[in-house]
Each structure stands twice: as structure tokens, then as C-alpha cells.
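Chain residues, written in single-letter form:
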Amino acid sequence: MPIDREKALTADPSVREIRWTSRDVLLYHLSLGAGADAATGPEPHLTYEKSLAVLPTFAVVAGSGISSGDQAAPGFHLPGIDIDLRALLHAGQGLQVHRPLPASGTATLRSRVAELWDKGRAALVVLESTATGADGEPLWTTTTRIWARGEGGFGGEPGPPERREAPDRPADAVLACATAPQQALWYRLNGDLNPLHADPAVARAAGFDRPILHGLATYGLLCKALVDGVLDGDVTRLTGLTVRFAGPLVPGESLTVSVWRDGTADDGTGRLLLHAACPERDGAPVLTHATATVTS
């Protein structure tokens, strides 16, 4: 059978060692537009190796950038899941940062299938990866949601209902985030060389007029917009970010990010509800069901 839920959930995690340098971090920040806005200036805390801060979402590309050379990123090979890769869509992304990320370092990355939901016409695969630093302490945990079209009906549970959409009240803040026409070409250098983001013919074959921006690039853009617009430029205040990918963004288009404050937990962390849309396409949603956890 294409999907064996029990086998997938009980398989041993895959383990690999990753490394990154400040050059990987600098390139990541530049690929998200750091230093390009005349209003914010050169942003040396993101673009200069002296006293370099690291955007938390760098975690999703750590170990895949220029320091890895031309080594291919690990493929989608999971025990108990034998499905057509052409049916896969990146449905959502989550991140929890356990401590500020170093500008260079090594880590052990352990990845597993955390959950597998039967959505009827599709399967939802939830992957979890945890990075542990050289000191044995956790650095970050990522959660990746993969939508597998046509792979449902294997007899599993449908999973919990989706969280509510954005609140029915005016946003507490609205942030604007521009992209450049070559944004996807820069972002590819972080390790995702999928031709969908560079080759017009491949993009047209996939149903797009032209190459689109990576979903993880819009995720990083959202992170930077929050740090710049809500967190006073302090990357360490953003400790978690979860989104659902609702639509593509074309390089050269922009994001409008609506932010609602949603209270403070007992541990002092605050919760933000987020919604990102594309104003050039009449407010078409790009990132939805989004939340961030922040410190004061």
C-alpha cells in the first residue's frame, strides 16, 4: 500500500550533521531583501558579519546553503510513505526556536514523521525536525506540513480542525513588504534549486505565468517584516512562527501583513495572529492561519 501509517510513525528518525557559516546567514538575509530598503538603511546587524544577528527562520535552510557546496539536499524518502512526488504540495511550515541561533555552527538534525492525517482525497504528512547544537542542547524544532493529493483513503484519522482565521476586527498593525523581480533567483542560492522558481517554461507547465517565489521565501519575508515592524529589530524576540501556505507570490509583488495581538501567556510570551496577502492581486491570501510567539 502507498501509505502505511504505523510504519511511518514508528520508523527511526533520520539523522544528519549540518554546518553553516556567517556567509550562509548573510546570503539568507540578502535573499530576503536585507539592506535593500533606503528607508531602513544598510541594516548592518543583518548584512555585516561583525555582530551579526540571525533571523530565526534561517533554521529552515541551515545546512543547505553555500557552505554545503553542490551537494544535493536530502530527497523525500520516508518509510511507510510511497507516493508520487508530483502530487506533493508544501502546505505549511512551523518553527520553534529554543535559543538565539549562532551566526556559524554545527548541529545534529533528527527528522521523523510526526503525524499522518487522512483527508479523504489527500494525505497530510507532518514532518518534524529537531536540531541539537554541538553542546548537546536543542537549537530549534521545525514542523513541515506536506499535502499529498490523491493519497488519502488509507484509513487514518482526519486530524484536528484548522484554527480560526484572522479576527473580525481591525488589525493592531499592518506591515508592507516588497519583493524584487530577482528575489527568487537570490533565494535559490540557499539550497532550493527547484526550476519552478527560475525557468519560465517549467513555471508555465505547472500552471503559472512565470516563476514564483519559494514558499519558504515568503515565510522568511514574514519573519523579517515582524522583526522590523513589531519587534524593534530584535531577532531574539521572535521564538515561534507557524503559517499555512494559501497562494503563490510572484517576484516583484508585495505582501501586506496584518497583525493582531492575542494576549500574553503565563511564561511572558505574547501571541500574534497574522494574515499576509498580495495587494497587486486584489488582496489574494498568501499566508494564512499564521501565528507567532514573541517575548517582551
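For the structure itself, look to the data block above.
Attention here is on the structure that accompanies the text. (Residues numbered from 1 in each chain as written. Predicted model: local features only at pLDDT ≥ 70, side-chain atom pairs only at ≥ 80, totals over all residues. Heavy atoms only, no water.)

**Quick look at the overall build of the chain**
And then number 1: Per the secondary structure count, the chain includes 6 helices and 10 strands.
And then number 2: Taken against the 2.2 N^0.38 rule, which gives 19 Å for 296 residues, the C-alpha radius of gyration of the chain at 19 Å falls within 12% of a compact globule.
And then number 3: C-alpha extents for the chain along the principal axes are approximately 55 × 50 × 45 Å.
And then number 4: For the chain, the proportion of its 296 residues judged to be buried stands at 45%.
And then number 5: Long-range pairs, those at least 24 residues apart, make up 71% of the contacts in the chain between residues at least 6 apart in sequence.
And then number 6: For the chain, the exposed area adds up to about 14,600 Å²; of that, 52% sits on carbon and sulfur atoms. (Helix = DSSP H or I, 4+ residues; strand = E, 2+ residues; numbered from the N terminus. Rg over C-alpha atoms; globule rule 2.2 N^0.38 Å. Buried < 20%, exposed > 50% of the residue type's maximum accessible area, 1.4 Å probe, protein only. Contact = heavy atoms within 4.5 Å. Areas by Shrake-Rupley, 256 points an atom, 1.4 Å probe, with all protein chains shown as cover.)

**Quick word on the nonpolar core**
And then number 1: In terms of nonpolar packing, the biggest core is built from 58 residues, with Trp20, Trp140, Leu226 and Leu274 touching the most fellow members.
And then number 2: The element that contributes the greatest number of residues to this core is helix 6 (residues 215–229), accounting for 9 residues.
And then number 3: The residues touching Leu274, leaving out its near neighbours within four places in the chain, are Leu222, Leu226, Leu241, Ser258, Val259, Trp260, Ala290, Thr291 and Ala292.
And then number 4: Among the nonpolar cores identified, the runner-up in size contains 13 residues, and Ile3, Val125, Ala148 and Phe154 belong to it. (Core = buried A, V, L, I, M, F, W, Y, C linked by side-chain atoms within 4.5 Å.)

**Side note on the environment of Arg244**
And then number 1: Residue position: Arg244 is located in strand 7 (residues 238–245).
And then number 2: Remark: the alpha-carbon pair of Arg244 and Leu175, spanning 69 residues in sequence, is separated by 18 Å.
And then number 3: At 3.1 Å, the side chain of Arg244 forms a polar contact with the side chain of His289. (Polar contact = N/O pair within 3.5 Å; in protein donor to acceptor, adjacent residues only side chain to side chain.)

**Examining the pattern of salt bridges**
And then number 1: Scanning the entire structure with this criterion turns up 9 salt bridges.
And then number 2: A salt bridge links Arg237 to Asp232; the nearest nitrogen and oxygen atoms lie 3.3 Å apart.
And then number 3: Among the salt bridges present, the one from Arg271 reaches Asp262, with a minimum N-O distance of 2.3 Å.
And then number 4: One salt-bridge network, held together by shared partners, links Glu43, Lys224 and Asp228. (Salt bridge = Lys/Arg side-chain N within 4 Å of Asp/Glu carboxyl O.)

**Observations concerning helix 2 (residues 22–31)**
And then number 1: The element helix 2 is largely enclosed, with a buried count of 7 among its 10 residues.
And then number 2: Taken as a whole, helix 2 has its buried residues at Asp24, Val25, Leu26, Leu27, Tyr28, His29 and Ser31.
And then number 3: Where helix 2 is buried, its residues touch strand 1 (14–20), helix 3 (44–47), helix 4 (183–187) and helix 6.
And then number 4: Immediately beyond the C-terminal end of helix 2, within one or two residues, lies Gly33, with a positive phi of roughly 90°.

**A closer look at the packing of aromatic side chains**
And then number 1: One pass over the full model with this rule turns up 4 aromatic pairs.
And then number 2: Taking 5.7 Å as the distance between ring centres and 70° as the angle between the ring planes, the aromatic pair formed by Tyr28 and Phe58 counts as edge-to-face. Of this pair, Tyr28 sits in helix 2 while Phe58 sits in the loop between helix 3 and strand 2 (88–97), and the two are 30 residues apart along the sequence.
And then number 3: According to the relative accessible area criterion, Tyr28 is buried, its value standing at 0%.
And then number 4: In this structure an aromatic cluster arises from ring pairing among Trp20, Tyr28, Phe58, Trp140 and Tyr187. (Phe/Tyr/Trp six-rings, centres within 6.5 Å; stacked < 30°, edge-to-face > 60°.)

**With respect to the pairing of strand 2**
And then number 1: Strand 2 sits mainly inside the fold: 7 of its 10 residues count as buried.
And then number 2: Here 9 bridges tie strand 2 to strand 5 (residues 138–149), and the two strands are oriented antiparallel to one another. Looking across to strand 5, one finds that Leu88 is bridged to Ala148.
And then number 3: With 5 bridges joining them, strand 2 and strand 7 adopt antiparallel strand pairing. For Leu95, the partnering residue across the bridge sits in strand 7 and is Leu241. (Pairing = 2+ DSSP bridges.)

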